[in-house]
Amino acid sequence: MKVICVDDEPLAVEYTLGQCAQLPEINEAKGFTDAALALDWLRTHPVELALLDINMPQVDGITLAARIKELYPQTAIVFLTAYKEYAFDAYAVHPSGYLLKPVSLERMASELRYACGGSHTAASAHIRVKTFGFFDVYVDDRPISFKLSKSKEILAFLVDKQGLGVTRAELFAAVWEDRAYDRKQQKQIDVYIRSLRETLRQYGAEEIMEMEKGILRVKPDTFVCDAYLFYSGDSDTINAYRGEYMSSYPWASMTEAILYWKQRTDRI
């Protein structure tokens, strides 16, 4: 895992990099005391995790986090700060974690597992579907790149339905909720579905979805999904959930609320 640490205090950067060196999950960690320089470096060096101080001059950590998310939406953000009053503002950029300094190695390791979550089972799967945070699909740890964003959203909606069959009309009502399902839109949705199936074939993942007599569904037994592990009671996955589910899609808010309340109940 590649990590960047940004803090205007040199000793804080040194301390955090020292912790990173002791965590086997991290194979590369880069530190900066200047947020602007860090952002310039990030433009050509993507990372999986960003450890950011919040209270920094010129470019604060929250602003930096937002810019990192623009470059790399899947980068996990963990804020390290001595000021707990920043927590509310920090969550506006959907971080994966928030730690108060000084941070112990044990707490850092725990937060890292949550931020880049998923159990060992999920990590070792041939096809892995990630729904916590942003939606993504991986084949042998290689992310699938969808030609059309709506094709990706269609697959996300089918994953959310957990194998239940969905008609084109039902799919359209969820994904294009403010449009009429006329002949033009029916043709358009067929274009997105064809593109989706083609992309899955290209990546060798066509088995995760089936379509029969106009009904589309995913086949849950063909892939590992963090949300499905959550529903099954997997404790690591339940603990890894940080309150974000398919963040790009408004229709996912209901499931997000269900996951939140289930997590609270399971922890009681």
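Residue numbering note: each chain is counted from 1, following its sequence as written. With pLDDT at 70 or above as the cut-off, local features in this predicted model cover only qualifying residues; side-chain atom pairs require 80 or more to be listed or tallied, and sums for whole chains, interfaces and linings still use all residues. Where side-chain values are given, they derive from all heavy atoms of the structure, hydrogens and water being excluded.

Quick notes on the pattern of salt bridges
Working definition: two side chains of opposite charge can pair if their charged atoms are close together.
For step 1, the next point in the chain: When a carboxyl oxygen of Asp or Glu lies within 4 Å of a side-chain nitrogen of Lys or Arg, that pair is called a salt bridge. Overall, the coordinates contain 7 salt bridges when judged by the stated rule.
For step 2, the next point in the chain: Of the charged contacts, one joins Asp136 and Lys152 as a salt bridge, the two residues approaching to 3.0 Å between their closest N and O atoms. Residue Asp136 is located in strand β7 (residues 136-139), and its partner Lys152 is located in helix α7 (residues 149-160); the two are separated by 16 residues in the primary sequence.
For step 3, the next point in the chain: When a residue's accessible area, from a 1.4 Å probe over protein chains only, is under 20% of the maximum for its type it is buried; when over 50% it is exposed; and in between it is partly exposed. Judged by relative accessible area, which is 7%, Asp136 ranks as buried.
For step 4, the next point in the chain: The closest approach of N and O atoms between Asp190 and Arg168, which form a salt bridge, is 2.6 Å. With Asp190 in helix α9 (residues 183-202) and Arg168 in helix α8 (residues 168-175), the pair connects residues that are 22 residues apart, well separated along the chain.
For step 5, the next point in the chain: With a relative accessible area of 23%, Arg168 lands in the partly exposed category. Each helix is a run of H or I in the DSSP string that is no shorter than four residues. Each strand is a run of E no shorter than two, and both are numbered from the N terminus.

Here's the deal with the sheet that holds strand β11 (residues 215-218)
For step 1, the next point in the chain: Any two strands with at least two DSSP-identified bridges between them are counted as paired. Pairing is antiparallel across the open sheet formed by 3 strands, whose spatial order is β9-β11-β10. The open sheet terminates on both sides in strands that have one partner only, identified here as β9 (166-167) and β10 (209-212).
For step 2, the next point in the chain: Pairing of β9 with β11, which is carried by 2 bridges, proceeds in the antiparallel orientation. By the bridge assignment, Thr167 is partnered in β11 with Ile215.
For step 3, the next point in the chain: On the sheet, α7 packs against β9, β10 and β11 and is oriented at approximately 75° with respect to β11.
For step 4, the next point in the chain: Throughout, a contact is declared for two residues whenever any of their heavy atoms are within 4.5 Å. Convention adopted: a line fitted to C-alpha atoms gives each axis, helices being fitted over their contacting stretch, and angles between N-to-C directions are expressed from 0 to 180 degrees. Each of β10 and β11 is contacted by α9, which is oriented at about 135° to β10, the strand it contacts most.

Re the environment of Tyr260
For step 1, the next point in the chain: With respect to the element layout, Tyr260 can be found in helix α12 (residues 253-267).
For step 2, the next point in the chain: Residue classification places Tyr260 among the partly exposed positions, given a relative accessible area of 35%.
For step 3, the next point in the chain: Separated by 19 residues in sequence, Tyr260 and Tyr241 place their C-alpha atoms 8.3 Å apart.

Description of the packing of α8 against α9
For step 1, the next point in the chain: Between α8 and α9, whose axes approach to 11 Å, the crossing angle comes to 90°. Judged by the angle between their axes, α8 and α9 are roughly perpendicular. Contact with α8, carried on its side by Arg168, Leu171 and Phe172, involves Gln185, Ile189, Asp190 and Ile193 of α9 and no other residues of that element.
For step 2, the next point in the chain: Residues are grouped as follows: Ala, Val, Leu, Ile, Met, Phe, Trp, Tyr, Cys and Pro are nonpolar; Asp, Glu, Lys and Arg are charged; all remaining types, including Gly, are polar. Classifying every residue of the contact of α8 with α9 gives 4 nonpolar, 1 polar and 2 charged. Roughly parallel refers to an angle under 35 degrees, roughly antiparallel to one over 145, roughly perpendicular to one between 65 and 115, and oblique to any angle outside these ranges.

Considerations on the confidence of the model for the protein chain
For step 1, the next point in the chain: For every residue, the predictor states its confidence as a pLDDT score lying anywhere from 0 to 100. Here the protein chain averages 85 in pLDDT, and 88% of its residues register 70 or above.
For step 2, the next point in the chain: Confidence, expressed as mean pLDDT per element, reaches its minimum in the protein chain at helix α6 (residues 120-123) with 43 and its maximum at α7 with 96.

Thoughts on the sheet that holds β7
For step 1, the next point in the chain: Here 4 strands make up an open sheet; going across it, the order is β8-β7-β6-β12 and the pairing mixed. Edge positions in the open sheet fall to β8 (142-143) and β12 (224-225), since each of these has one partner strand only.
For step 2, the next point in the chain: Judged from the 4 bridges that link them, strand β6 (residues 127-130) and β7 form a sheet pairing that is antiparallel. Note that in β7 the partner of Val129 across the bridge is Val137.

Thoughts on α7
For step 1, the next point in the chain: A helix's residues, less one, multiplied by 1.5 Å, set its expected span. Over its 12 residues, α7 extends 17 Å from the first C-alpha to the last, a length consistent with the 16 Å expected when each residue adds 1.5 Å.
For step 2, the next point in the chain: Judged by how many residues are buried, α7 sits mostly within the fold: 10 of 12 residues are covered.
For step 3, the next point in the chain: Those residues of α7 not exposed but buried are Ser151, Lys152, Glu153, Ile154, Leu155, Ala156, Phe157, Leu158, Val159 and Asp160.

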